[in-house]
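Survey of secondary and tertiary structure
Chain by chain, the residues:
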Amino acid sequence: MRTRRERNTGIDAEEGNHAQQNVLDHVDLGAGVDYGAPQKSFTFDGKTYASYQEMVEAKRKRNQNILVSSGLLDAKAAIETTALDQKRLAATGRGLKRSERQSSKTELLPRRKSSRIAGVSAPGIYVDHESSSGISIGGGINAVDDKGAEVRNFNNRVNDGSDLTVAEAVEMAGSKWIRENTVKHAETFMGTILQDIIEGGVTDSDKTQCSPVSVAGGLEASTSTNRDLEELKSKLREISLDDDTCVAKVTPERIYSVACHPSPHQIIACAGDKSGHIGIWNFDQYGSDSAAESNDDMTKSSSDDVHLFKPHGGAVSSLKWNSSGTNLLSCSYDGSVRAFDANKQVFQEIFATYDDNDIYKEKNWI
């Protein structure tokens, strides 16, 4: 006897065999069905095409029409044209320029010879100790102790904290940024032109508007309505910096901080970079022409009234003018804060940090 499960399994198997036989009986395998025959027509977007290639061409044409109607192709062409024009134009020629006094020919240095190959024994000199205050050399015949080691300025600062004159701060920037009369231009601007601006010696005819759109009217109202705010937003959107005269190279390296002189009449833009430089741009070039006429050896600034100084040895993280515009404060990663005093014409260190090294005991007043 079979179990119930075996009986059910047998019934299922028998039913399956009957179903398979019925299918074979109703299908004529010799009816001439060609399963590999290509499709005779293709339908796309409600239309029938005789070949696959015709349907693909129809799809491409449809996609092209969609792109044209969307305006994307025109926008792409405009962007490519603008990018090409920008590539053709050289970087802005305004602002800082390298000195032309550097020799165009590279001086060939003598070929370095290996002491090991020449059989010369190494002197055995090594760095025995290094800190932010300096290094000491050990080993060899030239070894010196910590007391005799040459000490760098703390934290790679430009000097020991002494005041920097305008000329010294310009020369600290390096010879490649110093052209003929660069120092005189800087001294004239910081000592004469800036003083004139601070004292308010500017007439209405000297004022320069850097944008053809003014938003001052939207800021004068004591109470602002939604309509006033929308009008102000509209004016702000119209402000543009497309004019090449609004662009200049102010510092040699990446800018870390910016500040503008508080003068209501003239634009004096300042920027500090990652290497300790401070660039000051007399945007309106106020006073430049009169200064050139009053000095026979002074020609118009070759750097478009951009003056470069280096009062710090590290990135200038912050710049700030005082309310009267007589002092420019600069804070640097070298651990010092300096203030340019327009009256004294010096960059004075007003704060600095030092370590516990004995050579900085005289700095304990800071």
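In every chain, residue numbers begin from 1 and rise along the written sequence. This being a predicted model, a pLDDT of at least 70 is required before a residue's local features are given, and a value of 80 or more before pairs of side-chain atoms are given or counted; all residues contribute to the totals for chains, interfaces and linings. Calculation of side-chain values draws on the structure's entire complement of heavy atoms; hydrogens and water are dropped beforehand.

1. Quick look at the overall build of the protein chain
- Secondary structure elements are defined from DSSP: runs of H or I of at least 4 residues count as helices, runs of E of at least 2 residues count as strands, and each element is numbered from the N terminus. Summing up its helical and strand segments, the protein chain has 8 helices and 13 strands in all.
- The buried share of the protein chain, taken over its 366 residues, is 31%.
- Note on contacts: a residue pair is in contact if any heavy atoms of the two residues lie within 4.5 Å. Considering only contacts in the protein chain between residues 6 or more positions apart, those separated by 24 or more positions represent 56%. Think of it in three bands: with a 1.4 Å probe and only protein chains considered, a residue is buried below 20% of the maximum accessible area for its type, exposed above 50%, and partly exposed in between.

2. Examining helix α2 (residues 52-70)
- End to end, α2 covers 27 Å across 19 residues, agreeing with the expected 27 Å (1.5 Å per residue, within 8%).
- Those residues of α2 that sit buried are Met 55, Val 56 and Ala 58. Across the axial projection of α2, the buried residues extend over an arc of 160°, all falling on one side. Exposed residues lying more than 90 degrees from the buried face of α2 are Arg 60 and Lys 61.
- Along its buried surface, α2 packs onto β1 (42-44) and β2 (47-49).
- Taken from the residues just after α2, Gly 71 is the one with a positive phi, measuring 85°. A helix is expected to span 1.5 Å multiplied by its residue count minus one. By construction, the arc corresponds to the directions joining the helix axis to the C-beta atoms.

3. Points about the pattern of salt bridges
- Criterion for a salt bridge: a side-chain nitrogen of Lys or Arg within 4 Å of a carboxyl oxygen of Asp or Glu. Counted by the stated rule, this structure contains 4 salt bridges.
- A salt bridge links Lys 76 to Glu 80; the shortest N-O distance between them is 2.7 Å. Taken together, the residues Lys 76 and Glu 80, both in helix α3 (residues 72-88) and 4 residues apart, mark about one turn of the helix.
- For Lys 76, a relative accessible area of 46% puts it in the partly exposed group.
- The class for Glu 80 is partly exposed, based on a relative accessible area of 46%.

4. Thoughts on the sheet that holds strand β5 (residues 164-165)
- Taken together, the 5 strands give an open sheet; going across it, the order is β5-β13-β12-β11-β10, and neighbouring strands pair in antiparallel fashion. Both edges of this open sheet fall to β5 and β10 (316-321), since each of them pairs with a single strand only.
- The rule for pairing is simple: two strands pair if DSSP sees at least two bridges between them. Across 6 bridges, the pairing between strand β12 (residues 336-341) and strand β13 (residues 346-352) is antiparallel. In the sheet register, Val 337 faces β13, and the bridge partner there is Phe 351.

5. Focus: a nonpolar patch on the surface
- Nonpolar side chains collect at one region of the surface, where Leu 67, Val 68, Leu 72 and Leu 73 lie side by side and expose about 320 Å² of accessible area between them.
- Within the residue set of the nonpolar patch, elements represented by two or more residues are α2 and α3.
- Note on placement: Leu 72 falls in helix α3. Here a patch means residues that are over 30% exposed by relative accessible area and free of salt bridges, tied together within 9 Å if like-charged and within 5 Å if nonpolar (Val, Leu, Ile, Met, Phe, Trp, Tyr). Every accessible area reported is derived by Shrake-Rupley at a probe size of 1.4 Å, with residue values counting cover from the shown protein chains alone.

6. Some words on the pairing of strand β9 (residues 306-309)
- The alternating pattern of β9 places Val 306 and Leu 308 and His 307 and Phe 309 on opposite faces, both of which are buried.
- As judged from the 4 bridges shared by strand β8 (residues 278-282) and β9, these two strands associate in the antiparallel manner. Bridge pairing in β9 links Gly 279 to Leu 308.

Keep in mind these values describe shape, not function.
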